[in-house]
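# Tertiary structure, described
These are the residues of each chain, in order.
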Amino acid sequence: MKEMQQPASGASASGDEVTPQPEDGPAAGAEPDADPNSVVPPLLVRAHQVVARAGGTMYTSDLANALGMPTQQLGTELVKILRAVGVSRPKNGSVSPARGMPFRTGFTSETLATGIATYRVRAELAVG
C-alpha cells in the first residue's frame, strides 16, 4: 500500500481548508511587524500592505474600513505621518482605483512606500 504524502505546509489532507502553520509566517489576523528597525509608524506599514494587496490604489474610506478605523481619523493620521517626512500625495490625494471609477480621496501604494523608505533613510542618517 502506498503511503499518503503529507500535504504542503498549511494545506489539509482533504484540500477543503487551509490552516496557517507557524512556518507559514504570521496568521492572517495577526498584527504585522511595524518595521524591522521600528522607525516606520505601524499605521503606515499596515496601510501600505492593505493598499498593495488591493492592487495599488484605494479610496480612503475603503482603506479605513479595511483597517477598522473611522475614515476622517485615518486620513488625518496618514497625511500627518507622510508630511512629517516631506511626502505628499499626487493630485491632492485624488485617486481612481480602476479605469472608469470616479476620482476620490485616497492613497497609492507607491506614495505609502515612498513614506516608508523616507522614514528608513532618515533613521539611517540620524545614526550615521
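None of these values were measured; they are calculated from a predicted model. (Residues numbered from 1 in each chain as written. Predicted model: local features only at pLDDT ≥ 70, side-chain atom pairs only at ≥ 80, totals over all residues. Heavy atoms only, no water.)

### With respect to the overall build of the protein chain
Which entries qualify depends on this criterion: Secondary structure elements follow DSSP: runs of H or I no shorter than four residues count as helices, runs of E no shorter than two count as strands, and numbering proceeds from the N terminus. In what follows, residue pairs with any heavy atoms lying within 4.5 Å of each other are defined as contacts. Every accessible area reported is derived by Shrake-Rupley at a probe size of 1.4 Å, with residue values counting cover from the shown protein chains alone.
Each helix and strand counted, the protein chain has 4 helices and 3 strands in total. Across the protein chain, every contact between residues at least 6 apart in sequence was considered, and the portion connecting residues at least 24 apart equals 55%. When the accessible surface of the protein chain is split by element, carbon and sulfur atoms take 52% of a total near 8,700 Å².

### Things to note about the nonpolar core
This is how the line gets drawn: By nonpolar core we mean a set of buried residues, namely Ala, Val, Leu, Ile, Met, Phe, Trp, Tyr and Cys, connected to one another through side-chain atoms within 4.5 Å. For every residue, the accessible area obtained with a 1.4 Å probe (protein chains only) is divided by the maximum for its type, and the residue is called buried under 20%, exposed over 50%, and partly exposed between those limits.
Ranked by size, the top nonpolar core spans 23 residues in total, and within it Leu44, Leu63, Leu67, Leu74, Leu78 and Leu112 carry the most contacts. In this structure Leu74 touches Leu43, Thr60, Leu63, Ala64, Leu67 and Met69, once residues within four positions along its chain are discounted.

### Concerning helix H2 (residues 60–67)
Stated precisely, the cut-off is as follows: Think of the arc as the fan of directions from the helix axis to the C-beta atoms.
Among all positions of H2, only Thr60, Leu63, Ala64 and Leu67 are buried. An end-on view of H2 places all buried positions within 100° of arc, on one side of the element. On its buried face, H2 is in contact with helix H1 (42–53), strand S1 (57–59), helix H3 (71–83) and strand S3 (104–108). Two residues or fewer past H2, Gly68 is found with a positive phi of approximately 70°.

### Quick notes on the packing of H1 against H3
The test is simple: To obtain each axis, a line is fitted to C-alpha atoms, and for helices this fit is confined to the stretch in contact; angles are then taken between N-to-C directions over 0 to 180 degrees. Oblique is the label for every angle not falling under 35 degrees (roughly parallel), over 145 degrees (roughly antiparallel), or within 65 to 115 degrees (roughly perpendicular). Under the scheme applied, nonpolar residues are Ala, Val, Leu, Ile, Met, Phe, Trp, Tyr, Cys and Pro; charged residues are Asp, Glu, Lys and Arg; polar residues are all the others, including Gly.
It is the contact of H1 with H3, at a shortest axis distance of 10 Å, that shows an interaxial angle of 110°. By the criterion of interaxial angle, the relationship of H1 to H3 is roughly perpendicular. Of the residues in H3, those in contact with Leu43, Leu44 and Ala47 of H1 are Leu74, Glu77, Leu78, Ile81 and Leu82. A breakdown of the residues in the contact of H1 with H3 according to their chemical character gives 7 nonpolar, no polar and 1 charged.

### As for the sheet that holds S3
To keep it simple, the criterion reads: DSSP bridges decide pairing: two strands pair if at least two such bridges lie between them.
Read from one edge of the open sheet, 3 strands run S1-S3-S2, paired in antiparallel fashion. Whereas interior strands pair on both sides, the edge strands pair on one side only; in this sheet they are S1 and strand S2 (94–95). Sheet topology places S2 next to S3; 2 bridges connect them, and they run antiparallel. Within the sheet, the bridge partner assigned to Ser94 lies in S3 and is Thr105.

### Some points on the packing of aromatic side chains
Short version of the rule: Between 30 and 60 degrees the pair is tilted, below 30 it is stacked and above 60 it is edge-to-face, where a pair is any two Phe, Tyr or Trp rings, Trp via its six-membered ring, whose centres lie within 6.5 Å. Either the NZ atom of lysine or the CZ atom of arginine qualifies as a charge over a ring when it sits within 6 Å of the ring centre and within 35 degrees of the ring normal.
Under the defined criterion, the tally for this structure stands at 0 aromatic pairs. When the ring centre of Phe107 is taken as reference, the NZ or CZ atom of Arg89 above it lies at 4.5 Å.

### Describing unusual backbone geometry
Unusually for a residue other than glycine, Lys91 sits at a positive phi of about 55°. With respect to the helices and strands, the residue Lys91 is situated in the loop between H3 and S2. By relative accessible area, Lys91 is classed as exposed at 63%. Phi angles above zero are rare outside glycine, and Asn92 is one such case at about 60°. A residue is classified by how much of its surface remains accessible, and Asn92, at 74% relative accessible area, is exposed.

### Comments concerning the confidence of the model for the protein chain
Put simply, the rule reads: The score called pLDDT rates the predictor's confidence residue by residue, from a low of 0 to a high of 100.
The pLDDT averaged across the protein chain works out to 79; a share of 71% of its residues lies at or above 70. No element of the protein chain has a lower mean pLDDT than helix H4 (residues 109–127), at 93, and none a higher one than H2, at 98. In this model, residues 1–31 is a region of pLDDT below 50 whose contacts with residues beyond four sequence positions or in other chains number 15 contacts.

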